[in-house]
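Spelled out, the chains give:
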Amino acid sequence: MKLWKRSLIFALCAAVALCAAGRAFAETAHMRRIRLSTNLINKMAAQSDADALGQVIKSGKGVAIFPAVTKAGLGIGGQTGEGVVFLRRPNGGWSGPAFMGISGASIGFQIGVQSVGLVLVITNEEGLHAFTGGNSFKLGADVAIAAGPVGRDASAATDGRAKASIYSYSMSKGLFAGVSVEGSVINQNRDANKAYWGRDISAGNALKRPATDKRVAQLIQALNNLVKKAH
């Protein structure tokens, strides 16, 4: 076989291998995000004040889970993270997932904390539209966000008088901690959505599908266990 033919065959084989590796990485990335999100929800459910978070989720429209939002810089810096979104159906079930990312400026991290687990609870129709109506939106500008209520405040926040469309809860080093995400941008991760669903799909359409796939079964169970802790 001539040298140029051998080189061509080698190049084609290498290209096929790289494409396969790229697909495997994409699949690994979104499944890893699901696994880490499951771990975060289980850790939050184990906290003494988990009933408050469970109450807010139970009465809400959905959740966005970012298992590792990482800070860049100290004090005032930036933040970035990848997450997964589910909507709560009227019958108490779930739909999704849709994969999204968060990025932007932050001044709310505690000094020395480089990464936190973040849960955003969608409380009303405005928050719901933000996650399903477009490619991206800005927290605090396009939709109102506030630190999630805890303790007895949680009951007051779920009686229909909630002013924030999204409540934020965070966890770092095994403890709930305050974190400011106002000003951050939430954007669709179309590559991850395509890797999970097997075709190009918008977040809005992904979030219309029942979350019954076995790949998210453990995460859905973790969310249900957290909701059961509500008062």
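Up top you'll find the structure we're talking about.
The shown structure was predicted, so the numbers you read here are calculated from the model rather than taken from an experiment.

Calculation rules
Residues numbered from 1 in each chain as written. Predicted model: local features only at pLDDT ≥ 70, side-chain atom pairs only at ≥ 80, totals over all residues. Heavy atoms only, no water. Core = buried A, V, L, I, M, F, W, Y, C linked by side-chain atoms within 4.5 Å. Buried < 20%, exposed > 50% of the residue type's maximum accessible area, 1.4 Å probe, protein only. Helix = DSSP H or I, 4+ residues; strand = E, 2+ residues; numbered from the N terminus. Salt bridge = Lys/Arg side-chain N within 4 Å of Asp/Glu carboxyl O. Pairing = 2+ DSSP bridges. Arc of directions from axis to C-beta. Polar contact = N/O pair within 3.5 Å; in protein donor to acceptor, adjacent residues only side chain to side chain. Phe/Tyr/Trp six-rings, centres within 6.5 Å; stacked < 30°, edge-to-face > 60°.

### Concerning the nonpolar core
Grouped burial of nonpolar side chains is what soluble globular proteins tend to show.
(1) Moving on: The biggest cluster of nonpolar side chains holds 31 residues, and the ones touching the most others in it are Ile65, Phe86, Trp94 and Val121.
(2) Moving on: Ranked by residue count, the leading element in this core is helix α7 (residues 217–227), at six residues.
(3) Moving on: Grouped together as the second largest cluster of nonpolar side chains are 26 residues, Phe66, Leu118, Leu120 and Val143 included.

### Considering the pattern of salt bridges
(1) Moving on: This structure, assessed with the given rule, holds four salt bridges.
(2) Moving on: Here aspartate 200 and arginine 190 are joined by a salt bridge, their closest N and O atoms 3.5 Å apart. Placement of the pair is aspartate 200 in the loop between α5 (190–197) and α6 (203–206) and arginine 190 in helix α5, with a sequence separation of 10 residues.
(3) Moving on: Judged by relative accessible area, which is 34%, arginine 190 ranks as partly exposed.
(4) Moving on: Between aspartate 213 and arginine 215 there is a salt bridge, with the nearest N and O atoms lying 2.9 Å from each other.

### Regarding the pairing of strand β9 (residues 185–188)
(1) Moving on: Only one face of β9 is covered, namely the face carrying Ile186 and Gln188; the face carrying Val185 and Asn187 is uncovered.
(2) Moving on: Examined bridge by bridge, strand β5 (residues 136–138) and β9 share three bridges and lie antiparallel to one another. Residue pairing for β9: lysine 138 is matched across the bridge by valine 185.

### Brief notes about helix α3 (residues 125–132)
(1) Moving on: Of the positions making up α3, those classed as buried are Gly127, Leu128, Ala130 and Phe131. Taken around the axis of α3, the buried residues stretch over an arc of 155°, which confines them to a single face. In α3, those exposed residues whose orientation departs by more than 90 degrees from the buried face are Glu125, Glu126 and His129.
(2) Moving on: Two or three places before glutamate 126, at the start of α3, stands the capping residue asparagine 124, its side-chain oxygen 3.2 Å from that residue's backbone nitrogen.

### Description of α5
(1) Moving on: Inspection of α5 places Ala192, Asn193 and Tyr196 among the buried residues, and these make up the whole buried set. Projected down its long axis, α5 carries its buried residues within an arc of 100°, all on one side.
(2) Moving on: In the segment just after α5, glycine 198 is the residue with positive phi, at about 85°.

### Quick word on the packing of aromatic side chains
(1) Moving on: Under the counting rule described, the total for this entry stands at three aromatic pairs.
(2) Moving on: When the ring of tyrosine 196 is compared with that of tryptophan 197, the centres are 5.0 Å apart and the planes differ by 75°; the resulting orientation is edge-to-face.
(3) Moving on: In this structure an aromatic cluster arises from ring pairing among Phe99, Tyr196 and Trp197.

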